[in-house]
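One-letter residues, chain by chain:
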Amino acid sequence: MDTYDLSALRPRLPSPLEPVADERFTRRGLTLLLKRDDLIHPDLPGNKWRKLALNLRAADGRPVLTFGGAYSNHLRATAAAGRLLGFPTIGVVRGDELAGRPLNPSLARCAADGMRLAFVDRATYRAKHEPEVLAGLLERAPEGAYVVPEGGSNALAVEGCAALGRELAGQADVAAVACGTGGTLAGLAAGFDGRTLGVPVLKGGFLGDEVRRLQEAAFGGPRGDWWLDERFHCGGYGRTSPELDAFAQDFEARHELAIERLYVAKMLFALVSLAEEGAFPPGSRIAAVVTGATGPADQPSSSR
């Protein structure tokens, strides 16, 4: 298969925009819409397709080396792309203590899709962008490997995510997305004609600077009207709370839709909370971007 011809994978684009009748919004004169990016492709759902597509064209069939944690959706999507399009993949995994353990379901899926896993200690992982560290990692990879950063977030990924904003333009007044590395928010805000809310799933307060850096790299400067609400990370990446678990279970029961816990549930919880606080003017159409689907490898930990 021609690696340029990503259309051969038959992505569902534009992804569906579905209204949801939820009285927590309707009683305040608000309309909730779900942007079902989780339906774009079964193996490369949501922002993974949007962030990887232009990078895979740039890689042009070369081996792809990328980075992630033990439950990284990005690693899983990259490995699946390698299997589907026929190029080698190498995943640098945070935590050398994992090397001697049985693979969890997420990493086992990566390995089954042909990804070579390289476990590194956490200090090396933190320094992965330093030239000498990256050069050492590339020595483990096939010659000419193309590097995609953690979470897939680089200038090409941001450009790919701008298409999401353009799909929502004129369809909503507010767009909301859960944020890990900031690439989806940076692109979404650039393509959208309303306000864009980012809900970080990591704590630390660093994401605003990263979004600005990514927009500078992709577009030469800031784009769009966006803001962050840092209150809903539930203790950090990979963590949930009893309150979030109860919220997600209730949302699933109300709408018969499985909700991924580490990203999507936190974003929806933020939207309900903000609606209750009166953050959105009556009449607002709020599009919640469903960036991923719940699967057998989703194993969030609890902060309790």
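Residues numbered from 1 in each chain as written. Predicted model: local features only at pLDDT ≥ 70, side-chain atom pairs only at ≥ 80, totals over all residues. Heavy atoms only, no water.

(A) View of the packing of aromatic side chains. According to the stated counting rule, one finds four aromatic pairs in the structure shown. Ring geometry for Phe-232 and Phe-269: centres 5.9 Å apart, planes at 75°, overall edge-to-face. On the criterion of sequence distance, the pair formed by Phe-232 in the loop between strand 9 (225–228) and strand 10 (239–240) and Phe-269 in helix 11 (residues 264–276) is long-range, its members being 37 residues apart. Look at Phe-269 and you get buried, because its relative accessible area is 13%. Through a chain of ring-to-ring contacts, three or more aromatic side chains come together here, namely Phe-232, Phe-247, Phe-251 and Phe-269. Geometry around Tyr-125 places Arg-94 over its ring, the cationic atom sitting 5.3 Å from the centre. Across from the ring centre of Trp-227, 4.0 Å away, lies the NZ or CZ of Arg-195, which sits over that ring. (Phe/Tyr/Trp six-rings, centres within 6.5 Å; stacked < 30°, edge-to-face > 60°. Helix = DSSP H or I, 4+ residues; strand = E, 2+ residues; numbered from the N terminus. Buried < 20%, exposed > 50% of the residue type's maximum accessible area, 1.4 Å probe, protein only. Lys NZ or Arg CZ within 6 Å of the ring centre and 35° of its normal.)

(B) Up close: the side chain of Lys-35. With respect to the helices and strands, the residue Lys-35 is situated in strand 2 (residues 31–35). For Lys-35, a relative accessible area of 2% gives the class buried. Of the polar contacts made by the side chain of Lys-35, one reaches the backbone oxygen of Ser-15; its length is 2.8 Å. Among all residues touching Lys-35, those that are not within four sequence positions of it are Pro-14, Ser-15, Pro-16, Leu-17, Arg-50, Leu-164, Glu-167, Leu-168, Ala-288, Val-289 and Val-290. (Polar contact = N/O pair within 3.5 Å; in protein donor to acceptor, adjacent residues only side chain to side chain. Contact = heavy atoms within 4.5 Å.)

(C) Expanded view of the packing of helix 8 (residues 183–191) against helix 9 (residues 207–219). Remark: helix 8 packs on helix 9, axes separated minimally by 9 Å, with the N-to-C direction vectors making an angle of 60°. Of the possible angle classes, the one that applies to helix 8 and helix 9 is oblique. Relative to helix 9, the crossing made by helix 8 is right-handed. Contacts between helix 8 and helix 9 pair Gly-183, Leu-185, Ala-186, Ala-189 and Ala-190 from the former with Val-211, Leu-214, Gln-215 and Phe-219 from the latter. Taken together, the residues of the contact of helix 8 with helix 9 sort by class into seven nonpolar, two polar and no charged. (Axes fitted to C-alpha atoms, helices over the stretch in contact; angles between N-to-C directions. Parallel < 35°, antiparallel > 145°, perpendicular 65-115°, else oblique. Left-handed = near helix turned anticlockwise from the far one by under 90°. Nonpolar A, V, L, I, M, F, W, Y, C, P; charged D, E, K, R; others polar.)

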